[in-house]
Amino acid sequence: MPVRVNLDRVLLERRMSLTELSDRVGVTIANLSILKTGKARAVRFSTLDALCRELQCQPGDLLSFESGPPVSYEDDELEG
């Protein structure tokens with residue numbers, strides 16, 4: 001997957017649990033877990049904004065791009 005979500009690393013650096021982040025930003029633990037495990041197909045700007053505000057980081061701290069073949073999401077049933 002060329003776009004990686006680094007939420008687990010940022011949470012570890014901030015010594016914050018997924019549950020605590022969920023409470024602070026108003027996003028369900030299930031949705032944050034999908035994001036954290038890299039299974040999300042999309043992320044809303046409002047969610048990214050809330051995460052960056054609470055974690056005091058930039059979008060580039062949470063997302064990174066890795067070269068590689070494009071990823072097809074057509075067969076995925078997960079919504080992120």
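Coordinates for the structure precede this section.
Residues numbered from 1 in each chain as written. Predicted model: local features only at pLDDT ≥ 70, side-chain atom pairs only at ≥ 80, totals over all residues. Heavy atoms only, no water.

## Let's talk about the packing of helix 2 (residues 18–25) against helix 4 (residues 45–55)
Using the following cut-off: Each axis is a line fitted through C-alpha atoms, taken for helices only over the stretch in contact, and angles between the N-to-C directions span 0 to 180 degrees. In this description a helix means any DSSP run of H or I spanning at least four residues, a strand means any run of E spanning at least two, and both kinds are numbered starting from the N terminus. Just so you know how the angles are binned, under 35 degrees is roughly parallel, over 145 roughly antiparallel, 65 to 115 roughly perpendicular, and the rest oblique. A crossing counts as left-handed when the near helix is turned anticlockwise from the far one by less than a right angle, and as right-handed when that turn is clockwise. Here a residue-residue contact requires only that any non-hydrogen atoms of the pair lie within 4.5 Å. Throughout this entry, Asp, Glu, Lys and Arg are counted as charged residues, while Ala, Val, Leu, Ile, Met, Phe, Trp, Tyr, Cys and Pro are counted as nonpolar. The remaining residues, Gly among them, count as polar.
Contact pair helix 2 / helix 4: the axes reach a minimum separation of 10 Å and the direction vectors enclose 115°. On the basis of their axis angle, the class for helix 2 and helix 4 is roughly perpendicular. Between helix 2 and helix 4 lies a crossing of right-handed hand. Contacts between helix 2 and helix 4 involve Leu 21, Arg 24 and Val 25 from the first element and Ala 50, Leu 51, Glu 54 and Leu 55 from the second. Considered class by class, the residues forming the contact of helix 2 with helix 4 number five nonpolar, no polar and two charged.

## Comments concerning the nonpolar core
Quick reminder of the rule: To define a nonpolar core, start from buried Ala, Val, Leu, Ile, Met, Phe, Trp, Tyr and Cys residues and group those joined through side-chain atoms within 4.5 Å. Classification of residues uses two cut-offs on accessible area relative to the type maximum, computed with a 1.4 Å probe and protein chains only: under 20% is buried, over 50% is exposed, and between them is partly exposed.
Leu 7, Leu 11, Leu 21, Leu 32, Leu 51, Leu 55 and Leu 62 are the most contacted members of the largest nonpolar core, which totals 19 residues. For this core, the secondary structure elements donating two or more residues are helix 1 (7–14), helix 2, helix 3 (29–36) and helix 4. In terms of residue count, the dominant contributor to this core is helix 4 (four residues). Once residues lying within four places of it in the same chain are set aside, the contact partners of Leu 51 are Leu 21, Val 25, Leu 32, Leu 35, Gln 56 and Leu 62.

## Details of the pattern of salt bridges
Opposite charge on two side chains permits pairing when their charged atoms draw close. Let me state the cut-off plainly: By definition, a salt bridge exists where a carboxyl oxygen of Asp or Glu is found within 4 Å of a side-chain nitrogen of Lys or Arg.
Applying the stated criterion to the full structure yields six salt bridges. Notably, a salt bridge pairs Glu 13 with Arg 9, separated by 2.9 Å at the nearest N-O pair. Of the two residues, Glu 13 and Arg 9 are both situated in helix 1; the distance of four residues between them amounts to about one turn of the helix. With a relative accessible area of 47%, Glu 13 lands in the partly exposed category. The shortest N-O distance in the salt bridge between Glu 54 and Arg 24 comes to 2.8 Å.

## Details of the packing of helix 2 against helix 3
Each pair of packed helices gets described by two things: the angle between the helix axes and the distance between those axes. Relative to each other, helix 2 and helix 3 sit at 120°, their axes nearing to 9 Å. Compared by their axis directions, helix 2 and helix 3 come out oblique. The element helix 2 and its partner helix 3 pack so that their crossing is right-handed. Contacts between helix 2 and helix 3 involve Leu 18, Thr 19, Leu 21 and Ser 22 from the first element and Ile 29, Leu 32, Ser 33 and Lys 36 from the second. Residues of the contact of helix 2 with helix 3, tallied by class, amount to four nonpolar, three polar and one charged.

## Quick word on helix 4
Stated formally: Note that the arc is computed from the directions linking the helix axis to the C-beta atoms.
Among the residues of helix 4, those classed as buried are Thr 47, Leu 48, Leu 51, Cys 52 and Leu 55. Projected down its long axis, helix 4 shows its buried positions confined to an angular sector of 130°, all on one face. Opposite the buried face of helix 4, by more than 90 degrees, sit the exposed residues Phe 45, Ser 46 and Arg 53. Elements that come into contact with the buried residues of helix 4 comprise helix 1, helix 2, helix 3, helix 5 (59–62) and strand 2 (63–65). Backbone geometry just after helix 4 places Gln 56 at a positive phi near 50°.

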